[in-house]
Amino acid sequence: MKPLTLVVLGGTGFVGSCLVPRLHADGHRIVLLSRNRERHRELAVLPRVRIETADVHDRDVLTGHLRDADAAINLVGILNERGDDGRGFERAHVALTQTLIEACAAAGVRRLLQMSALRAGEGGSHYLRTRGEAEARVRAAPLAATIFRPSVIFGPGDGLFHRFAGLLALTPVLPLARPHAQFAPVYVRDVAEAFARALQRPSSIGRTYALVGPDRIALIDLVRWTARMIGRRRLIVPLPDALGRWQARLGEWLPGKPISRDNFRSLLLDSVSDEDGLAELGIQAMPMAAVMPRLLAAERRR
């Protein structure tokens, strides 16, 4: 396909750090919108990548950056908010998506790739509710949109394996809420490849892709596996839900917020799917055992 001009929101984060080089390899010109361009200058070494400081919640500012674009990619998302009233999730997921939709309309941009999450719109968590509401706004808009619903994403510096590795390094006993919650961890580079391929395929327009890896694993087994990979003998204590809820309340006050009440509500739903969006896009999913032992070995050395 011919090179496109792409405007990416949230492109300086975990997924974006893999997606931007992948899109650049296809010859696309990429504009990254960030709150502070100086903090992400490493991405600007790519010759067709430009980082702009912008308030993406300002529709007029966003419209100006979209004027010459062929497509927009929205990777913005948060896993935690201040408090527990849903307003942080509402702003990051729903309000921003609506602003982007309006800015695309004003700038004449029809193509949108939207990041979401497995089980979006289900359950009682603010995170999943607002992800679902954002999806509904995208589907109702006059856009050529594609939505991606990943399970938990793993890779260099992820917020899953590396976070547990850090916790396991600190304590000989780790109480664990929702120990039997199921995940299908998906490799960050596979997620990036899914975006890149969908951009090339008109058949992806109007589709929602579940992005899952080949492994289905319970949270407690994932944590035990991580402990083995970093060489730590730890006692992992599964908590009943009554205690898990108290742990989530306490976790909101701890440095790094290792768990919150909304995280707990999200864990009430398994993050797995019988659909395989990677396979539909011709991507062979990477198992976590092919990637994480090497990355966690570096964590162990630290």
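Residues numbered from 1 in each chain as written. Predicted model: local features only at pLDDT ≥ 70, side-chain atom pairs only at ≥ 80, totals over all residues. Heavy atoms only, no water.

Caption draft 1: Main features of the packing of helix 2 (residues 59–66) against helix 3 (residues 87–107). Packing of helix 2 against helix 3 leaves a shortest axis separation of 8 Å and a crossing angle of 50°. Overall, the two elements helix 2 and helix 3 adopt an arrangement that is oblique. The way helix 2 lies across helix 3 gives a crossing that is right-handed. Side by side, helix 2 and helix 3 meet where R59, L62, T63 and L66 of the first sit next to T99, L100, E102, A103, C104, A106 and A107 of the second. When the residues that make up the contact of helix 2 with helix 3 are grouped by side-chain class, the tally is seven nonpolar, two polar and two charged. (Axes fitted to C-alpha atoms, helices over the stretch in contact; angles between N-to-C directions. Helix = DSSP H or I, 4+ residues; strand = E, 2+ residues; numbered from the N terminus. Parallel < 35°, antiparallel > 145°, perpendicular 65-115°, else oblique. Left-handed = near helix turned anticlockwise from the far one by under 90°. Contact = heavy atoms within 4.5 Å. Nonpolar A, V, L, I, M, F, W, Y, C, P; charged D, E, K, R; others polar.)

Caption draft 2: Geometry of the side chain of S271. By the element assignment, S271 lies in the loop between helix 9 (261–267) and helix 10 (277–280). Relative accessible area serves as the criterion here: at 12%, S271 is assigned to the buried category. Discounting chain neighbours no more than four positions away, the residues touching S271 are L118, S151, V152, Q182, F183 and A184. (Buried < 20%, exposed > 50% of the residue type's maximum accessible area, 1.4 Å probe, protein only.)

Caption draft 3: Up close: the pairing of strand 8 (residues 173–176). Across the two faces of strand 8 the burial differs, with L174 and L176 buried and V173 and P175 not buried at all. With four bridges connecting them, strand 8 and strand 13 (residues 235–238) associate as parallel partners. Paired with P175 across the bridge in strand 13 is V237. (Pairing = 2+ DSSP bridges.)

Caption draft 4: Inspection of the nonpolar core at higher detail. Ranked by internal contacts, the top residues of the largest apolar core, which has 62 residues, are I73, F161, F195 and M292. Among the elements that line this core, the one with the most residues is helix 6 (residues 188–200), at eight residues. When neighbours within four sequence positions are excluded, M292 is seen to be in contact with F154, G155, D158, F161, H162 and W225. Counting 24 residues, the second largest nonpolar core, distinct from the first, contains L66, V76, C104 and A107. (Core = buried A, V, L, I, M, F, W, Y, C linked by side-chain atoms within 4.5 Å.)

Caption draft 5: Region of the structure containing empty space enclosed by the protein. Under the counting rule described, the total for this entry stands at one cavity of 30 Å³ or more. Looking at the largest cavity, the residues that line it are L79, N80, E81, G83, D84, F89, E252, K257, S260 and D262. (1 Å grid on protein atoms, 1.4 Å probe; cavity = no way out; pocket = protein on both sides within 12 Å on 5 of 7 lines; lining within 4 Å. Points joined across faces, edges and corners; volume = space filled by probe spheres on them.)

Caption draft 6: The sheet that holds strand 11 (residues 208–211), seen in detail. Spatially, 3-2-1-4-5-6-11 is the arrangement adopted by the seven strands of the open sheet, whose pairing is parallel. Edge strands, defined here as strands with exactly one partner in the open sheet, are strand 3 (49–53) and strand 11. This sheet shows a mean twist of 20° between the axes of neighbouring strands, independent of strand direction. Relative to strand 3, strand 2 (residues 29–34) runs parallel, the two being bridged by five bridges. Looking at the pairing, L33 lines up with E52 of strand 3. Together, strand 1 (5–9), strand 4 (71–74) and strand 5 (111–115) form the strand contacts of helix 3, whose direction differs from that of strand 4 by roughly 175°. Sheet strands touched by helix 6: strand 1, strand 4, strand 5, strand 6 (144–150) and strand 11. Its angle to strand 5, the strand with the most contacts, is close to 160°.

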